[in-house]
Every structure is written in C-alpha cells, then in structure tokens.
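# Structural description and commentary
Next come the chains, spelled out residue by residue.
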Amino acid sequence: MGQLLHKLQEVDREQKRRGSKLKALATFPDLDLLPPELSLTVLSNLNATDLCLAACVWQSLANDEILWQGLCRSNWGYVTAYKRSHSQGFSFRRLYLQLDEATLTFNADYSMGIDYFVKHNLVEDCADEIAKFFHTTHRIHWVNKREFLKNRRDVLDKLVLLQNFENQFLPNALRQFFGEIHAPNDRSAYLSDLVEKFSERFCACNPHLGLSKESVFVVCFSLILLSVDLGSPNVKNKMSKREFIRNTRRAADGISDDFAGHLYDNIYLIGHIAPEV
C-alpha cells in the first residue's frame with residue numbers, strides 16, 4: 001500500500017512539473033509586442049534553422065537583415081559577396097542560403113565547391129580572396145581544404161601570409177599553423193614545403209629572435225618527430241630530454257640548451273604538433 005501511494009505521489013509531481021512547463025510556454029511573450037531591439041536580441045540567439053521556423057510566427061522580425069548578416073559573418077567572416085551588401089536588392093538571408101549550399105558542396109567535393117563559390121559570385125577566383133575566405137571560416141572541412149591547398153599553391157602562399165606568429169613560442173606557433181593548414185598524413189615533399197613556408201613566416205614575424213630560416217626548419221622537424229615519439233604507444237624507448245637537447249644543438253645553429261629544453265617540455269606537456277603526421 002505504501003509503495004502504491006509513493007508511486008501515485010511521483011506521478012502527481014511529474015504531472016505538475018509538465019503542467020508548469022506548458023504554462024511557461026503558453027505565457028511566452030509575443031515578440032511583436034516587445035520593442036524591436038529587444039525582439040531582435042532574443043532572435044539573435046537562434047541558428048539559421050530555428051530562425052526560419054520563427055519566421056512562421058514573426059515573419060517580419062525573423063527575416064530582419066541584421067539577424068541574417070550576423071549569421072553570415074559568424075559562419076563566414078569574409079567573402080567577396082560582402083562588398084555588394086549595399087547594392088539594391090541584396091539580401092543577407094539569400095546570401096546565407098547560398099553560402100551554406102556552397103559550403104556543403106565544397107565539403108563533399110572541393111572542385112565542385114569552389115566552382116559553386118565562384119560561379120555564384122560568392123568568392124572571387126583570386127588567391128587573395130580565397131585565402132581570406134579560408135582564414136575566416138570554420139565551416140570548411142579540413143580534409144577537402146588540405147587537398148585544395150595542395151593543388152592551389154598560390155592560395156596556400158597567401159594563406160601563410162595571413163598567419164601572425166609574433167611573440168609566440170615556436171611549438172605553439174607550429175601548432176597554430178597546422179591547425180589551419182593541416183599537415184599531410186605522410187612525411188612527403190608537401191610536408192617539407194609546409195614547414196619551409198612556416199619557417200620563413202615565423203622568422204619574418206619574430207626577427208628579434210635572431211633565428212635563421214634554416215635553423216627553424218630543422219627544429220620544426222625535430223619537434224614533429226619528438227611529438228610522434230612521445231605520443232606513440234608503439235615507441236617503447238622514448239627520447240629523453242637530454243638526448244633531444246644534444247641532437248637539436250648539433251643539427252641547428254643558434255639553439256641554446258635552455259631553449260631546446262623548453263621545446264622538449266612543451267611537447268611533453270602539451271602533446272602533438274601535427275596529429276595527422
């Protein structure tokens with residue numbers, strides 16, 4: 001009898017809880033009755049799908065250009081099409097739908113995707129414009145982006161120039177670099193090209209360090225190999241800090257024991273430089 005009474009009490013509490021939720025939903029304010037600034041602030045928290053659904057109730061508010069401009073720029077920081085935003089008939093809502101379709105196409109097939117971007121005047125077929133586009137969006141899948149950059153070295157060069165490594169510790173800068181320009185799965189000539197481009201850019205951003213491009217290049221490969229050595233469960237005899245310092249000092253000019261030791265500590269504590277390698 002006691003168990004039955006307890007069960008009935010639980011059911012009653014659940015019904016009250018659901019009733020309070022329904023009551024809260026039923027009392028949700030009509031956004032048309034609120035000041036426009038407040039209504040737009042509420043709707044600005046929605047994604048594109050929810051905003052389209054909200055347009056079924058608040059069509060004028062949910063289709064406001066300010067909301068769709070925010071969605072465009074938060075997903076694609078820069079596209080050439082933004083330059084036309086003041087022209088007559090321009091719509092950020094329509095632009096969002098085109099950019100979303102183009103991105104899905106690129107992530108399925110980068111060749112078809114870039115054609116879509118160019119043919120619909122979303123991104124100009126110019127190395128500078130494509131590099132700025134890649135640099136400011138998180139929506140492009142890194143695998144297709146990597147394959148595209150391998151075939152468009154002009155875009156790769158411009159993208160490298162957009163990286164800022166000023167006053168960054170070398171291994172952290174290299175991680176940032178491979179976070180945007182992903183390394184190949186093998187230690188190919190393309191990997192060497194990437195490391196060479198990084199070395200040149202890192203030295204240009206940090207001339208006060210007095211490191212040569214050649215020394216940075218050697219150290220970068222040492223860091224990549226060290227991160228694989230320390231991070232791989234298949235390597236039983238891990239390289240010691242003393243061994244790394246000795247090997248790095250011999251291979252690269254201008255590298256002190258203290259600097260090499262800090263490099264080792266960074267890899268040991270933080271981990272991989274380029275997980276794909």
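My aim in this report is to walk through the structure given alongside it, one point at a time. (Residues numbered from 1 in each chain as written. Predicted model: local features only at pLDDT ≥ 70, side-chain atom pairs only at ≥ 80, totals over all residues. Heavy atoms only, no water.)

Take the packing of aromatic side chains next. Working definition: an aromatic ring pair is given by the centre-to-centre distance plus the angle between the planes. Counted under the stated rule, the structure contains 19 aromatic pairs. Ring geometry for Phe165 against Phe198: centres 5.1 Å apart, planes inclined by 65°, an arrangement best described as edge-to-face. A residue pair is termed long-range when its members are at least 10 positions apart, and Phe165 in the loop between helix H10 (153-161) and helix H11 (170-180) and Phe198 in helix H12 (residues 189-205) qualify at 33 residues. Each of the two residues, Phe165 as well as Phe198, counts as buried. Among the aromatic residues, those joined into a ring-pair cluster are Phe106, Tyr110, Phe117, Phe133, Phe134 and Phe148. The ring of Tyr82 carries the charged tip of Arg73 above its face, separated from the ring centre by 4.2 Å. One cation-aromatic arrangement involves Lys132 over Tyr78; the distance from NZ or CZ to the ring centre is 5.5 Å. (Phe/Tyr/Trp six-rings, centres within 6.5 Å; stacked < 30°, edge-to-face > 60°. Helix = DSSP H or I, 4+ residues; strand = E, 2+ residues; numbered from the N terminus. Buried < 20%, exposed > 50% of the residue type's maximum accessible area, 1.4 Å probe, protein only. Lys NZ or Arg CZ within 6 Å of the ring centre and 35° of its normal.)

Nonpolar side chains collect at one region of the surface, where Tyr268, Leu269 and Ile270 lie side by side and expose about 390 Å² of accessible area between them. Its place among the elements puts Tyr268 in helix H15 (residues 257-270). (Patch = residues over 30% accessible without salt bridge, like charges linked within 9 Å, V, L, I, M, F, W, Y side chains within 5 Å. Areas by Shrake-Rupley, 256 points an atom, 1.4 Å probe, with all protein chains shown as cover. Salt bridge = Lys/Arg side-chain N within 4 Å of Asp/Glu carboxyl O.)

For helix H9 (residues 142-151), the set of buried residues is Asn144, Lys145, Arg146, Phe148 and Leu149. Packed against the buried residues of H9 are helix H6 (92-108), helix H7 (110-119), helix H8 (127-135), H10, H11 and H12. (Contact = heavy atoms within 4.5 Å.)

A word on the pattern of salt bridges. According to the stated counting rule, one finds ten salt bridges in the structure shown. Residues Arg152 and Asp125 are paired through a salt bridge, measuring 3.5 Å at the closest nitrogen-oxygen approach. A residue pair is termed long-range when its members are at least 10 positions apart, and Arg152 in the loop between H9 and H10 and Asp125 in the loop between H7 and H8 qualify at 27 residues. Among the ionic pairs, Arg152 bridges to Asp154, the shortest N-O distance being 3.0 Å. A residue is classified by how much of its surface remains accessible, and Asp154, at 36% relative accessible area, is partly exposed. Through salt bridges with shared partners, a single network forms among Asp125, Arg152 and Asp154.

So, to be careful, I would describe these as geometric facts and stop short of saying anything about function.
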